[in-house]
Amino acid sequence: MSLRRQGASYLAVLLAAACGGGDDAPPGAPQPPPVLRVARVFPNLTFSQPIALLQAPNDASRWFVVEQAGIVRVFSNDPQATSSTVFADISSRVLAGGELGLLGMAFHPDFPTDPRVFLNYTNGDSGLVTRISEFRLGGSGNLDTAPANERVLLTINQPEANHNGGHLAFGPDGFLYIGMGDGGGANDQHGAIGNAQLMTTLLGKMLRIDVTPASGYDIPPDNPFEGNATCHLNGTGTSPCPEIYASGFRNPWRWSFDRETDVLWLGDVGQGALEEIDRVTLRGNYGWRCFEGASPTGFPCGSEAPLLPPIAEYGRSEGAAVTGGYVYRGSAIPGLQGRYVFGDFVSGQLWHIAADTQPTLRMSTGFQSGLNISSFAEDLAGELYVVDYGGGLYRLTGN
Ligand SMILES: [Ca+2]
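Residues numbered from 1 in each chain as written. Predicted model: local features only at pLDDT ≥ 70, side-chain atom pairs only at ≥ 80, totals over all residues. Heavy atoms only, no water.

Some details on empty space enclosed by the protein
Piece 1. Counting across every chain of the model gives one cavity of 30 Å³ or more.
Piece 2. Asp 268, Glu 276, Phe 291, Glu 292 and Gly 293 are the residues nearest the centre of the largest cavity, which is lined by 13 residues in total.
Piece 3. Broken down by class, the residue content of the lining of the largest cavity amounts to five nonpolar, four polar and four charged. (1 Å grid on protein atoms, 1.4 Å probe; cavity = no way out; pocket = protein on both sides within 12 Å on 5 of 7 lines; lining within 4 Å. Points joined across faces, edges and corners; volume = space filled by probe spheres on them. Nonpolar A, V, L, I, M, F, W, Y, C, P; charged D, E, K, R; others polar.)

Re the pairing of strand E26 (residues 373-378)
In summary, the side chains of a regular strand alternate between the two faces of the sheet.
Piece 1. Most of E26 sits out of view: six of its six residues are buried.
Piece 2. Both E26 and strand E27 (residues 384-388) contribute to a ladder of five bridges, which runs antiparallel. Counterpart to Phe 376 in the pairing with E27 is Val 386. (Buried < 20%, exposed > 50% of the residue type's maximum accessible area, 1.4 Å probe, protein only. Helix = DSSP H or I, 4+ residues; strand = E, 2+ residues; numbered from the N terminus. Pairing = 2+ DSSP bridges.)

As for the packing of aromatic side chains
Piece 1. With the rule as written, the count across this model stands at 17 aromatic pairs.
Piece 2. When the centroid spacing of 4.9 Å and the interplanar angle of 65 degrees are considered together, the rings of Phe 64 and Phe 107 count as edge-to-face. Linking Phe 64 in strand E3 (residues 62-67) with Phe 107 in strand E6 (residues 102-107), this pair joins segments that are 43 residues apart in sequence. Each member of the pair, Phe 64 together with Phe 107, is buried. (Phe/Tyr/Trp six-rings, centres within 6.5 Å; stacked < 30°, edge-to-face > 60°.)

Section: the side chain of Ser 133
Piece 1. Looking at where Ser 133 falls in the secondary structure, it is placed in strand E8 (residues 129-137).
Piece 2. Of the polar contacts made by the side chain of Ser 133, one reaches the side chain of Glu 150; its length is 2.5 Å.
Piece 3. Excluding residues within four positions of it along the chain, Ser 133 makes contact with Val 117, Phe 118, Leu 119, Tyr 121, Glu 150, Arg 151, Val 152 and Leu 153. (Polar contact = N/O pair within 3.5 Å; in protein donor to acceptor, adjacent residues only side chain to side chain. Contact = heavy atoms within 4.5 Å.)

A short note on the domain arrangement of the protein chain
Piece 1. Examined at the domain level, the protein chain breaks down into domain 1 (1-32) and domain 2 (33-397).
Piece 2. A separation of 31 Å is found between the C-alpha centroids of domain 1 and domain 2. (Domains from an automatic or database assignment.)

Concerning the confidence of the model for the protein chain
Piece 1. Summary statistics for the protein chain give a mean pLDDT of 92 and a share of 92% for residues scoring 70 or more.
Piece 2. Every residue in residues 1-25 scores below 50 in pLDDT, and together they form 30 contacts with partners more than four places removed in sequence or on other chains. (pLDDT = per-residue confidence, 0-100.)

Considering the nonpolar core
Piece 1. Judged by nonpolar contacts, the single largest core of 38 residues is most densely connected at Phe 64, Phe 87, Met 105, Phe 107, Phe 342 and Ile 353.
Piece 2. Here this core gets four residues from one element, more than from any other, and that element is E6.
Piece 3. The next biggest cluster of nonpolar side chains, apart from the first, holds 23 residues, and it includes Leu 168, Leu 176, Leu 202 and Cys 231. (Core = buried A, V, L, I, M, F, W, Y, C linked by side-chain atoms within 4.5 Å.)

What follows is the structure, given as structure tokens:
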């Protein structure tokens, strides 16, 4: 009941904002949350199935676009930019299509002093796997992608072609986080309790590793299963995998750290009914496959309790595949400050919610962007962007 009431009041606020209701607020009163819009940026540039957009640390002069087929393009941060160049091309070793491909990229936080860049991609040379690999900047100013110079950190067997997660990013703690899906198929039908609840597999987990060593990686000392043998060879172990940070995910598709509070926000794509947003904490278990959103599925799930409910969820009338976004920390949309923005890949709807939302908020109709939202992006100033899978880049604006 309280969920419905929250949803209704949120819609009322949106409608009030849309109708100019904020004009009646007394001076100094908090402004209602803004109605969001998107505006095309870099209109001369169109990309092929872009799935990520990012800037290098402390460098606002360029943008990097990750294309699913295995190419990373770079272009000047100039509104009238007319061309991009290839920063990396690993398309010959990427198996792409559907949910497969080059799915994520992360610069080392000290880049380019530390010249390492990390890529997350699927390969089918000898069975389907996810690879988390380290590359280095080459003398050309682009990534050295020679196979001999690729350092594979993790190889994770993929039982089915879908649910590969794909995002990777450095956290405020300096460790590399990697989001993994449940392996694929429907309802996580892998073994007795599914992969997402099984701690001897990296599938269905948020991973966290320390890439400081010159070879391999270290396990952060407070990871839940620190001390166990690593699962880097194929994604499984005989004891719980020490790379695990949090568990119970179906297919985390985009997540980010709030640059002000360090909180990790994640969008987890649902099965047939509910898309969800989670605030992820160390050792947290977010419920799949026993829960889809806040609803029990009836599938047996092991004993890794307690299972944590989502922060927000929405059903099939609003969308079909959530794309996690960012907590807004920019300045161009004052009323959005501190609110978490996310959207749906299929329906194109966009929402924003308070960072302290609880209990689970059921989302009603949001703003219709008209885009296939494959990813959000945040520039160095905290402004947010939307990547349209159809090829265009957009900036989030207020009303
Ligand atoms: Ca969940």
